[in-house]
Structures are given as C-alpha cells and as structure tokens.
Amino acid sequence: MTPVLDAAGLRKSFGGQTAVDDVSFRVGAGEIRALIGPNGAGKSTCFNLLNGQLRPDGGSVRLHGRDITGLPPWRIARLGVGRTFQITATFASMTVRENVQTALLSHRRRIWRCGRPARSLFRAEADGLLRQVHLPDQADRAAGVLAYGDLKRLELAIALAGQPVLLLMDEPTAGMAPAERGALMRLVRALTRQQAIAVLFTEHDMDVVFGTADRIMVLDHGRLIADGDPAAVRANPRVRAVYLGSVGPGSIDPGSIDLGSIDPGGTAC
Ligand code: ADP
Ligand code: MG
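Everything quoted here is computed from the prediction, not taken from an experiment.

Re the pattern of salt bridges
Scanning all chains against the criterion turns up 14 salt bridges. Here D127 and R97 are joined by a salt bridge, their closest N and O atoms 2.7 Å apart. You can see D127 sitting in helix α4 (residues 123-132) and its partner R97 sitting in helix α3 (residues 96-108), a full 30 residues away along the chain. No difference in accessibility class separates D127 from R97, as the two residues are buried. A salt bridge links D150 to R153, with the nearest nitrogen and oxygen atoms 2.9 Å apart. Note that D150 and R153 are positioned in helix α5 (residues 148-161) at a spacing of three residues, about one turn of the helix. When its relative accessible area of 16% is taken as the criterion, D150 is described as buried. Overall, R153 belongs to the buried group, its relative accessible area being 16%. Each of E31, R33, R215 and D227 takes part in a single network of salt bridges with overlapping partners.

What follows is the structure, encoded as structure tokens:
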C-alpha cells in the first residue's frame, strides 16, 4: 500500500555542515512515529524539509505517492500536511471557537467578508472539533485565558481543522506538566487512529515517546541510527551509546534519557 509519507535519501547541509544525511523512512495512515535524537541531531531540519520550509539538497518527499519535494510550504499545507509548533500559535483575544472557525475559513479558502463575523461561519463544525479535543466547555472563552494544557488541545483542534493526512508535531507536550502530557498524546493517538492520519512527532520526554509511538526513529549527527518499534529501539546498543554519550552542555536532559527506566508497557504515558 502507498504510504502517506515517503521520504527517501533526504540530505541538507548548512555551509559545510551536514544537518540531515541520507534519511529515508515511510509513515502509514493511522501510524504515530517519533523522531528523537540529541540536540542538533537534525530533527527540526527534517521537519522543515518535509513541510517545504527548507528545500533538500538531495532526496525526495512523497505524499500519497505524489512528489512534493521543494514545493512551497503553503502548497504542501494545502495538500494536507499540518504542523503544530513548540510555541502554541493561537489568537489570544479571539474565543476558542473563533480560533477554530478561523482555521476552518482559512482551510476552505473562503474570503472573510467585512461585516460578517467569524462566529456565524462553520460554527457547528468548530464545535464538533472542540468536542473531539474535549474542549466544548471552553468554546466561548478567550484563547488567551486558557490553561496551558487546554491551549495545546485547541492547537490540535486547529490542526485538525485543516483535515491533515499527515500531521507534523514539534514537541507537542513542551511546557506541559508530566500528567497532562500523557493525556494529550493519548488523545492524539485516538484521533489519528480514528481518522487514519499519519503523525510524525519530535519529543524530549521519553515516557511520552515510548508510551505513544508505534515506531521510533533515532537521529544522530543527521543520520538515522535506529528505526523500529519501541522495544527494539530501547534494546538497541547504538541508541544507548548515543544517548548516554551525549550528556553534557547543549545535549538533552540526562534525566529524560534513561532508556532502561522506561516502562516496557508504556503505561507511564
Ligand atoms: P535538532 O532539531 O535535532 O536539535 P536541528 O535540525 O535544529 O537539530 O539542527 C541540526 C544541525 O543543523 C545543527 O548543527 C544546527 O546548528 C544546524 N542548523 C539548523 N538550522 C540551521 C540554519 N538555518 N543555518 C545553519 N545551520 C543550521
Ligand atoms: Mg529542534
């Protein structure tokens, strides 16, 4: 079956330095895949190559078999590649519902006529999306006053408004309390399975990674050094060496890289 995303031989250098080096992988519909690695490993560059923010020096990106390599980000977004960011992007003074309505408007390319308030458009659909992310009670509140976890759920609703076939999530749980992280990712997993969306996410919290992902890829110095299910990646000696060898200034928090402490059942997440 044609995968949703097929990245083949991706390469990107900045000056003389190779940031992404011959990276290939596929993500299928309904699959949640994590991309992990120490700081500077090339995770964000990979994301930027996939959504058109950066043009690869080599390799290709295919979406449902269609070559989208080098297309501008807005075109790739229109083809169904959604992205959420580490810093949440919402309109603080609009209500929660209006934020989702605005995303729906933008996706449907309807011109927002002056004098016609956003609140009259796509209201039922917006409320449907808010129910999906368990936020219906917050619909009339300003986004700016939401608790952080609710804001992340709103961001997810905004991403879903674009009806993505592929969702790229850059540290979706950054800044959240540990207990909330698992809940958000369980929701992501349930919704993406239900809607057969392919998800690729980066994340520093190993409980979230091992508790959520179907498959985990590990980048080191731009190269994929592992790609497998959580049990295989946890047992991989090279992965352990990279993480345990990477502790130091500029690397990830040593507390989050104790692969041996991860619950094999992933129930911590
Ligand atoms: P990660 O997201 O895994 O922390 P990045 O993809 O941000 O890693 O960075 C990979 C490497 O590429 C790093 O050495 C980084 O300094 C370099 N890099 C990333 N973006 C740029 C850029 N726009 N210009 C120059 N170097 C960059
Ligand atoms: Mg990064």
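We are not done yet, so read on.
Some words on helix α1 (residues 43-50)
Burial analysis of α1 places seven of its eight residues in the buried class, the great majority of the element. Residues of α1 that are buried: K43, T45, C46, F47, N48, L49 and L50. Backbone geometry just downstream of α1 places G52 in the positive-phi region, at approximately 90°.

Quick notes on unusual backbone geometry
One non-glycine residue with positive phi stands out, namely F122, at about 55°. Looking at the secondary structure, you find F122 in the loop between α3 and α4. Of the residues examined, F122 reaches a relative accessible area of 16% and is grouped as buried.

A word on the layout of surface pockets
A water-sized probe rolled over the atoms picks out the places where empty space is left. Considered as a void within the structure, the largest pocket measures approximately 740 Å³ in volume. As for the largest pocket, its lining consists of 26 residues, and the residues nearest its centre are A77, G82, R83, S106 and I158. Of the residues assigned to the lining of the largest pocket, the class counts are twelve nonpolar, eleven polar and three charged.

Rules of the game
Residues numbered from 1 in each chain as written. Chains lettered and ligands numbered in written order. Predicted model: local features only at pLDDT ≥ 70, side-chain atom pairs only at ≥ 80, totals over all residues. Heavy atoms only, no water. Salt bridge = Lys/Arg side-chain N within 4 Å of Asp/Glu carboxyl O. Helix = DSSP H or I, 4+ residues; strand = E, 2+ residues; numbered from the N terminus. Buried < 20%, exposed > 50% of the residue type's maximum accessible area, 1.4 Å probe, protein only. 1 Å grid on protein atoms, 1.4 Å probe; cavity = no way out; pocket = protein on both sides within 12 Å on 5 of 7 lines; lining within 4 Å. Points joined across faces, edges and corners; volume = space filled by probe spheres on them. Nonpolar A, V, L, I, M, F, W, Y, C, P; charged D, E, K, R; others polar.

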